[in-house]
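Summary of the model geometry
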Amino acid sequence: MAAVRIDQVQSVLGEVLQWEYPADAVLSHWFRGHPKVGMRDRSEVANGVFDVLRHLRRYRNFAESGTGPAARRLAILGLATVFHRTVLDTGLSEQEQHWLTHVHNIDIAALPRAVRDSVPDWLEERLATLEASDSLIQALNQSAPLDIRINPMRTDRDTVLKELRDGPAARNDPEPTPYSPWGIRLQGRPPLNRWPLFEKGLIEVQDEGSQILTALMAPKRGEMIIDFCAGAGGKTLLLGALMRSTGRLYAFDVSAARLARAKPRFARSGLSNIVPVVINAENDQRVKRLRGKAHRVLVDAPCSGLGTLRRNPDLKWRQHPGSLDDLKRTQAGILRQAARLVAPGGRLVYATCSILPEENEDQVALFLAENPEFTQIDAGKIAAERCKNLTDQGLNLKMRPDVHGTDGFFAAVFERAKPAKQPLAETPVESLKELPAKPEIDIN
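Residues numbered from 1 in each chain as written. Predicted model: local features only at pLDDT ≥ 70, side-chain atom pairs only at ≥ 80, totals over all residues. Heavy atoms only, no water.

Regarding unusual backbone geometry
With a phi angle near 60°, tryptophan 19 is a residue other than glycine that sits in the positive phi range. When you line up the elements, tryptophan 19 lands in the loop between helix 1 (2-16) and helix 2 (23-33). Overall, the relative accessible area of 26% leaves tryptophan 19 in the partly exposed class. (Helix = DSSP H or I, 4+ residues; strand = E, 2+ residues; numbered from the N terminus. Buried < 20%, exposed > 50% of the residue type's maximum accessible area, 1.4 Å probe, protein only.)

Description of empty space enclosed by the protein
If you walk through the whole model with that rule in mind, you get two cavities of 30 Å³ or more. Counted as a void, the largest cavity has a volume near 60 Å³. Taken together, Arg149, Asn151, Gly201, Glu204, Leu237, Ala241, Arg265, Arg268, Ser269 and Leu271 make up the full set of residues lining the largest cavity. At the level of secondary structure, the elements contributing two or more residues to the lining of the largest cavity comprise helix 14 (234-242) and helix 15 (256-269). With three residues, helix 15 is the largest single contributor of residues to the lining of the largest cavity. Here the lining of the largest cavity is composed, by residue class, of three nonpolar, three polar and four charged. (1 Å grid on protein atoms, 1.4 Å probe; cavity = no way out; pocket = protein on both sides within 12 Å on 5 of 7 lines; lining within 4 Å. Points joined across faces, edges and corners; volume = space filled by probe spheres on them. Nonpolar A, V, L, I, M, F, W, Y, C, P; charged D, E, K, R; others polar.)

Here's the deal with the pattern of salt bridges
Considering all chains together, one arrives at 32 salt bridges under this definition. A salt bridge links glutamate 175 to arginine 165, with the shortest nitrogen-to-oxygen separation between them at 3.3 Å. Highlighted residues: glutamate 175 in strand 2 (residues 175-176) and arginine 165 in helix 11 (residues 157-165), separated in sequence by ten residues. A relative accessible area of 41% means that arginine 165 is categorised as partly exposed. One salt bridge connects arginine 336 with glutamate 370, and the closest N-O pair in it is separated by 3.4 Å. Placement of the pair is arginine 336 in helix 18 (residues 321-339) and glutamate 370 in helix 19 (residues 361-370), with a sequence separation of 34 residues. Overall, the relative accessible area of 32% leaves arginine 336 in the partly exposed class. (Salt bridge = Lys/Arg side-chain N within 4 Å of Asp/Glu carboxyl O.)

Thoughts on helix 7 (residues 94-104)
Those residues of helix 7 that sit buried are Glu96, Trp99, Leu100 and Val103. Projected down its long axis, helix 7 carries its buried residues within an arc of 100°, all on one side. Across helix 7 from its buried face, at more than 90 degrees, point the exposed residues Glu94 and His98. Where the residues of helix 7 are buried, they touch helix 4 (56-63), helix 5 (70-79) and helix 6 (85-88). (Arc of directions from axis to C-beta. Contact = heavy atoms within 4.5 Å.)

Section: the state of the cysteines
In this structure the tally under the stated criterion is zero disulfides. Here cysteine 229 is not disulfide-linked; the sulfur of cysteine 303 is the nearest cysteine sulfur, at 10 Å. Cysteine 303 forms no disulfide, and the closest cysteine sulfur to it belongs to cysteine 353, at a distance of 3.4 Å. (Disulfide = S-S within 2.5 Å.)

Topic: the packing of aromatic side chains
Inspection of every chain in the model, using the stated rule, returns five aromatic pairs. Ring geometry for tryptophan 30 versus phenylalanine 31: centroids 5.7 Å apart, planes at 75°, classification edge-to-face. Clustering of aromatic rings is evident, with ring pairs tying together Phe228, Tyr250 and Phe252. One Lys or Arg, arginine 268, reaches over the ring of phenylalanine 198 and ends 4.1 Å from the middle of that ring. (Phe/Tyr/Trp six-rings, centres within 6.5 Å; stacked < 30°, edge-to-face > 60°. Lys NZ or Arg CZ within 6 Å of the ring centre and 35° of its normal.)

Some remarks on helix 11
Those residues of helix 11 that sit buried are Arg157, Val160, Leu161 and Leu164. Seen along its axis, helix 11 keeps its buried residues to an arc of 100°; they face one direction. For helix 11, the exposed residues lying more than 90 degrees away from the buried face are Asp158 and Lys162. Close packing links the buried residues of helix 11 with strand 1 (146-150), strand 2, strand 3 (183-186), helix 12 (196-199) and strand 4 (203-205). The N-cap of helix 11, judged by a side-chain oxygen 3.2 Å from the amide nitrogen of aspartate 158 a few residues on, is aspartate 156. (Polar contact = N/O pair within 3.5 Å; in protein donor to acceptor, adjacent residues only side chain to side chain.)

Regarding the sheet that holds strand 3
Read from one edge of the open sheet, four strands run 2-3-1-4, paired in antiparallel fashion. Sheet topology places strand 2 and strand 4 at the edges, where each strand pairs with a single neighbour. The sheet contact formed by strand 1 and strand 4 spans three bridges and is antiparallel. Note on strand 4: the bridge partner recorded for arginine 149 is glutamate 204. (Pairing = 2+ DSSP bridges.)

So, in structure tokens, the structure goes:
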């Protein structure tokens, strides 16, 4: 079994490390091409591949001391966290067994941090400027639990928790999320899409941090709300439920494929107020027609995704400073475009799943400098109104895996000023003399 699994992980890594496609997409494609691989086998392959991606720089450093194909040595190191050593040894040559013993005796603490914690030099330099960077990097290298969310329009958390704890899902240790009033945290990777609760639209997958970002919108019934970068629709679904399926909720995205994936989720939720719209990146006429009309606009901007490394460890190898520069220009352009949709007195929320200031605080400063009609309001106070235990936030919302147990998220909230009231013009006394004593009535 171990020998077969090493070959399988090596095969997948051979494709993933080309960096042409995201790791989860490569894995899905590989599994489709190997339909006889069972669920447990798939889990072992996936865990081995993702462990390598989390620790790739350190593992490559270790692999330099071995012999044979480097991808095989990487696969062995990845599976060393999946299998007990006695099981793994059955798939190794005697030379490989000695090499693995040598690797396990290396003092990891003596390695430079960028090698020890497997981050590119450019990213390590940026993360070093953040508070408690050691604990942040280490948390980003851990596997994330599975967060789900109830559909608050159709059920409540206590009811769902009871059903989960009374059924097979009890083995996944379901617990309420500490901050979001809608979230439930599960351990492991259960077959969620086969659960009746999922099929009936009573639960959805959504990280707790993402749920809290949605709370910043504080939607009300009957409003016009725009999710400007809706993607697969996770935040859109929660917004629609909090609106009690009233008003109009536009789900905008430039990708028809992403919105197509969201449509089954919309249908399953039972919401009737969502309007999915594929828009052009620039000068979309449908967007122009909604200028100044939306009560609330959410911009979950395209970003580096570095706050989600627990789930997408390949991102730290796929991103680079040049791609960040492109993303920053895109973020600023989207934020400017979305701001035009906000009605006077309306709210704009800018969010990313990044932990880098250049995608977060720097974008906020640039936006405020260019848009004096917008004022930043206290995101921490708004979040605490719905998420009672979230009391450590300030003007900007910042979620971290080492502090909050969520993915890394950032959000800022802006409000557009209402136009100043114009004083009523006084009518000169002389002109009053010219008015008729009684209104004239046209009887024709």
